[in-house]
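# Fold and geometry: a report
Okay, here's what each chain looks like letter by letter:
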Amino acid sequence: MLWLFALTLLCIYIRPLNLPLWVYSSLGAALCVGFGFVSLSDVAFVWGMVWDSTFSLVGLIIFALSLEKLGFFEVLAHYTLRLSTHRQTLHLQTWKFFVFIGVLASVLATFFSNDGAILILTPLIIALLTHIENVKFSRSPLIIFLLFVGFMSDFASNTFIFSNLTNIITADFFTITFIDFALAMALPQLFVILAAFILFWILFTRKLPKTLEFKVHTQALPKPSITLFCFALITLLLFGIIGGEKFGIALCVFTLGVAFLSTLCGILTHKIALKQMLKLAPLGIVAFSLGLFIVVFGLNNMGLVGLLAEGLKHFDTLPLFAQIFSVGISSSLGSSVINNLPMVMLGDLALKDSSNALIFAHLLGCNVGAKLTPIGSLATLLWLFSLKRYGISISFLQYMLVALLIVPFVLFFGLLGLWVYVKIAGIFL
């Protein structure tokens, strides 16, 4: 079974024949069933675990893409940049642009998931920074801001259940409510964002010009009614998720609902072509998610989860601080090697009798710590592949140098924030 798991991951990472990611995970799942590592009842169990989370992510990504087509983020960027510029000039201090991009990435990752944030921000950053006149002969600022966006999209995906596929899976598995999840992750998320801002600025401030001179093309903004409609959909999504828990309504009902309404608005206003949206819809994520989790469940059947659970018992005698950091670091290393989707499932199964503190430490390790390698998260893989379409290549060495300088410290502060929250809230093991 281990050889099949390793082969499936290897195919996902190197993409032989350049096929879609879901092809490799689906083939791995089929082989698991064919060799008897996983039964059809196991497949049904896995589907019961991941169907809501997977369709929720699909809905969020479609919603984010629809909002982009409707010009919602264009309005947000326009007024933010206008407020940041000096006397209506096109000169913008770099630190202001840095803060703006970081805040925008954090907001998008929080409300539209890490995958949605990367899908939106990557073309936005490329469009903006390829029209900077005073650095047009240097690619350094472009690479720096792309790395910043790529890391922030995952770092800021901890606050809400729907901010990351790993969050949805874990919250469903442990039946954690939306409010309880947000309360527990709010302080760690704040620590993570602040640490990421400070570290990125310290590391790269000398490589950036002091001011950026934008060559902005004046474009008509969408009608205020469309922007207000977009705000209404976001509000509907948040209130729907919170209220839906009381009635046992699946999360994907709301994400797919707002995705449908935003797409319909785009079609009626001629902002969105149905054929184009169908091509962009990430339906392959459904097959990718199910296939990969079936392969991982094969490891569970081989006894790997039992070994992990036994290993966790050695943490019981440690102080709370050490337990949180031990689980977070272990999940980070595991996610960095085998990807955070397999790791979150293995960790959830192993932590089924553990406290909420360790569950959230596990999630921070999978969300933040997974960025230690470029194969650690699905969002990073999608991001690196999408950059190639723009003729931009970030080498493995470039990525690892930034990750080793940033990720361990950001994860440390995230786990520290969780420990502080647990102490304040009075949650003890």
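Everything that follows concerns the structure shown earlier in this document.
In this report, we go over the structure that sits alongside the text. Because the structure is a prediction, the values reported are computed rather than measured.

### Thoughts on the packing of aromatic side chains
- Enumeration over the complete set of coordinates arrives at 26 aromatic pairs.
- Centre to centre, the rings of Trp47 and Phe55 are 6.0 Å apart; their planes meet at 85°, and the pair counts as edge-to-face.
- Among the residues examined, Phe55 registers a relative accessible area of 27% and is labelled partly exposed.
- For the ring pair Phe111 and Phe160, a centre distance of 5.6 Å and an interplane angle of 65° mean the geometry is edge-to-face. Of this pair, Phe111 sits in helix α5 (residues 94-129) while Phe160 sits in the loop between α6 (140-155) and α7 (165-174), placing them 49 residues apart in sequence.
- According to the relative accessible area criterion, Phe111 is partly exposed, its value standing at 22%.
- By relative accessible area, which is 15% here, Phe160 ends up buried.
- The rings of Phe97, Phe98, Phe100, Phe145, Phe148, Phe151, Phe155, Phe197, Phe200, Trp201, Phe204 and Tyr399 are connected pair by pair, giving a single aromatic cluster.

### Topic: the side chain of Asp42
- On the secondary structure map, Asp42 appears in helix α3 (residues 40-69).
- Every residue in contact with Asp42, bar those within four places of it in the chain, is listed here: Phe297 and Asn301.

### What to know about empty space enclosed by the protein
- Applying the stated criterion to the full structure yields 1 cavity of 30 Å³ or more.
- Within this model, the largest cavity holds a volume of roughly 50 Å³.
- When contributions to the lining of the largest cavity are tallied by element, the ones reaching two or more residues are α5, α7, α15 (340-350) and α17 (378-389).
- Class assignment for the residues of the lining of the largest cavity results in 4 nonpolar, 5 polar and 1 charged.

Calculation criteria
Residues numbered from 1 in each chain as written. Predicted model: local features only at pLDDT ≥ 70, side-chain atom pairs only at ≥ 80, totals over all residues. Heavy atoms only, no water. Phe/Tyr/Trp six-rings, centres within 6.5 Å; stacked < 30°, edge-to-face > 60°. Buried < 20%, exposed > 50% of the residue type's maximum accessible area, 1.4 Å probe, protein only. Helix = DSSP H or I, 4+ residues; strand = E, 2+ residues; numbered from the N terminus. Contact = heavy atoms within 4.5 Å. 1 Å grid on protein atoms, 1.4 Å probe; cavity = no way out; pocket = protein on both sides within 12 Å on 5 of 7 lines; lining within 4 Å. Points joined across faces, edges and corners; volume = space filled by probe spheres on them. Nonpolar A, V, L, I, M, F, W, Y, C, P; charged D, E, K, R; others polar.

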